[in-house]
Amino acid sequence: MARVAIVTGGTRGIGRAIALALKAKGYRVAANYGGNDEAAQAFQAESGIPVYKWDVGDYDACVAGIAQVTKDLGEADILVNNAGITRDAMLHKMTPEQWNEVIRVDLNSLFNMTRPVIEGMRARGWGRIVNISSINGQKGQMGQTNYSAAKAGVIGFTKALAQETARKGITVNAVAPGYIDTDMVAAVPEKVLEGIIAQIPVGRLGKAEEIAACVAFLVSDAAAFITGATLTANGGQYIAG
Ligand code: NDP
């Protein structure tokens, strides 16, 4: 039987490209999303990938959503924690709501999604978890203390869980994209974006498919010796040690 993969935020942007890439590799894919029903329905219709709506910031909703995927497709062998949001503001103007919402969706979601699937992966002796971090979790970004903290936290979670699960056939890795051409980046004002592209040595934004290719490799059997790693894909904008 083909392996089952859950991709959070799998209906738009990077997650959409990941879901499509994993389907093309023959996995049975479930794409989660948070609220945009129209985009999700259009994605399901065009890709044939089933979509599931739940809030990854809510533990009980994750447990229920994963149970539904298990019923429909089988137990998750692969989990891609991709869903994420930004709520940018300088810290001196940031509200507690902006801080909490980003930590909840971008960081707490890793616990909420991974906790319900990890016991099954351990019992079966195989699993792949890929967490989408960000260049801004590696280098920090002005106006994004919330996001930078959450995305740095993603890397810490990845390193710790990798050690816990290595002997159980489960690898846990992070991918840290640079600026990728999705709705999230389209929200950046044009002048700011021009300045960002000027700092990218390859001279362009990344494509969602280029991040999906990283994930497809990390979940493959060929990547069994890679765990606890952060794969940086940012066009040379920040070369992490
Ligand atoms: P998009 O905004 O294009 O898509 C986000 C996806 O996440 C959507 O499917 C959205 O669902 C889903 N989502 C958001 N909140 C929730 C929630 N609470 N519960 C479930 N699903 C949710 O984002 P990107 O594709 O640009 O980003 C994907 C990931 O990559 C994020 O973690 C982001 O931080 C990271 N990243 C992105 C970069 C970029 O340049 N784009 C750079 C570095 C990292 P819905 O459609 O229902 O809103």
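Each remark here, short or long, concerns the structure printed above.
Source: prediction; values computed, not measured.

A. Molecular detail of the site of the ligand. In the region of the ligand, 31 residues are neighbours, and Arg 12, Gly 35, Asn 82, Tyr 147 and Thr 182 sit closest. The contact in question runs from an oxygen atom of the ligand to an N or O atom on the side chain of Arg 12, over 2.7 Å. One of the backbone nitrogen or oxygen atoms of Val 56 is found 3.0 Å away from a nitrogen atom of the ligand. Compared with its free state, where it exposes 910 Å², the ligand has 92% of that area covered by protein. When atom positions are compared with the pocket grids, the ligand is found to occupy the largest pocket. Each residue belonging to the shell around the ligand can be placed in one class, and the counts come to 14 nonpolar, 13 polar and four charged.

B. Structural detail: the layout of surface pockets. There is about 1,100 Å³ of room inside the largest pocket. Forming the boundary of the largest pocket are 48 residues, of which Gly 84, Ile 85, Thr 86, Tyr 147 and Met 184 lie nearest the centre. Only helix H1 (13-24), strand E2 (28-33), helix H4 (96-124), helix H5 (135-139), helix H6 (145-165), helix H7 (183-186) and helix H8 (190-198) provide two or more residues apiece to the lining of the largest pocket. Its residues assigned to classes, the lining of the largest pocket shows 21 nonpolar, 19 polar and eight charged.

C. Layout of the pattern of salt bridges. Tallying each qualifying case throughout the model produces 11 salt bridges. Arg 3 serves as the salt-bridge partner of Asp 221, at 3.1 Å between the closest nitrogen and oxygen. With Asp 221 in the loop between helix H9 (208-218) and strand E7 (230-233) and Arg 3 in the segment before strand E1 (4-7), the pair connects residues that are 218 residues apart, well separated along the chain. We classify Asp 221 as partly exposed; its relative accessible area is 47%. Residue classification places Arg 3 among the partly exposed positions, given a relative accessible area of 25%. Residue Arg 124 pairs with Glu 75 through a salt bridge whose shortest N-O separation is 3.3 Å. Pair noted here: Arg 124 is in helix H4 and Glu 75 is in the loop between helix H3 (59-73) and strand E4 (78-81), with a separation of 49 residues, a long-range link. We classify Arg 124 as partly exposed; its relative accessible area is 35%. Through salt bridges that share partners, Asp 55, Glu 101 and Arg 104 make up one connected network.

D. View of a nonpolar patch on the surface. Taken together, the side chains of Tyr 59, Val 63 and Phe 111 define a hydrophobic patch exposed on the protein surface, amounting to about 250 Å² of accessible area. Residue class for Tyr 59 comes out partly exposed when judged on its relative accessible area of 31%.

E. Here's a closer look at the packing of H1 against H9. Remark: H1 packs on H9, axes separated minimally by 8 Å, with the N-to-C direction vectors making an angle of 50°. Judged by the angle between their axes, H1 and H9 are oblique. Of the two elements, H1 crosses H9, and the hand of that crossing is right-handed. In this structure, H1 uses Gly 13, Ile 14, Ala 17, Ile 18, Ala 21 and Leu 22 to contact H9, whose residues at the interface are Ala 208, Glu 209, Ile 211, Ala 212, Val 215 and Ala 216.

F. Region of the structure containing the sheet that holds E2. Read from one edge to the other, the open sheet built from seven strands follows the order E3-E2-E1-E4-E5-E6-E7, with strand pairing classed as parallel. With one partner strand each, in any of the chains shown, strand E3 (51-53) and E7 form the two edges of the open sheet. Sheet twist, expressed as the mean angle between neighbouring strand axes with direction ignored, is 20°. One ladder, built from four bridges, connects E4 with strand E5 (residues 127-132); its direction is parallel. Bridge pairing in E5 links Ile 78 to Arg 128. Across the face of the sheet, helix H2 (residues 37-47) comes into contact with E2 and E3 while running at roughly 160° to E3.

G. Structural context of the packing of H1 against H2. Between H1 and H2, whose axes approach to 12 Å, the crossing angle comes to 20°. Here H2 runs roughly parallel to H1, going by the angle between their axes. The way H1 lies across H2 gives a crossing that is right-handed. Two secondary-structure elements touch here, H1 through Arg 16, Ala 19, Leu 20 and Lys 23 and H2 through Phe 43, Glu 46 and Ser 47. Looking at side-chain class alone, the contact of H1 with H2 contains three nonpolar, one polar and three charged residues.

Cut-offs applied
Residues numbered from 1 in each chain as written. Predicted model: local features only at pLDDT ≥ 70, side-chain atom pairs only at ≥ 80, totals over all residues. Heavy atoms only, no water. Near = heavy atom within 4 Å. Polar contact = N/O pair within 3.5 Å; in protein donor to acceptor, adjacent residues only side chain to side chain. Areas by Shrake-Rupley, 256 points an atom, 1.4 Å probe, with all protein chains shown as cover. 1 Å grid on protein atoms, 1.4 Å probe; cavity = no way out; pocket = protein on both sides within 12 Å on 5 of 7 lines; lining within 4 Å. Sits in = over half its atoms within 2 Å of the grid points. Nonpolar A, V, L, I, M, F, W, Y, C, P; charged D, E, K, R; others polar. Points joined across faces, edges and corners; volume = space filled by probe spheres on them. Helix = DSSP H or I, 4+ residues; strand = E, 2+ residues; numbered from the N terminus. Salt bridge = Lys/Arg side-chain N within 4 Å of Asp/Glu carboxyl O. Buried < 20%, exposed > 50% of the residue type's maximum accessible area, 1.4 Å probe, protein only. Patch = residues over 30% accessible without salt bridge, like charges linked within 9 Å, V, L, I, M, F, W, Y side chains within 5 Å. Axes fitted to C-alpha atoms, helices over the stretch in contact; angles between N-to-C directions. Parallel < 35°, antiparallel > 145°, perpendicular 65-115°, else oblique. Left-handed = near helix turned anticlockwise from the far one by under 90°. Contact = heavy atoms within 4.5 Å. Pairing = 2+ DSSP bridges.

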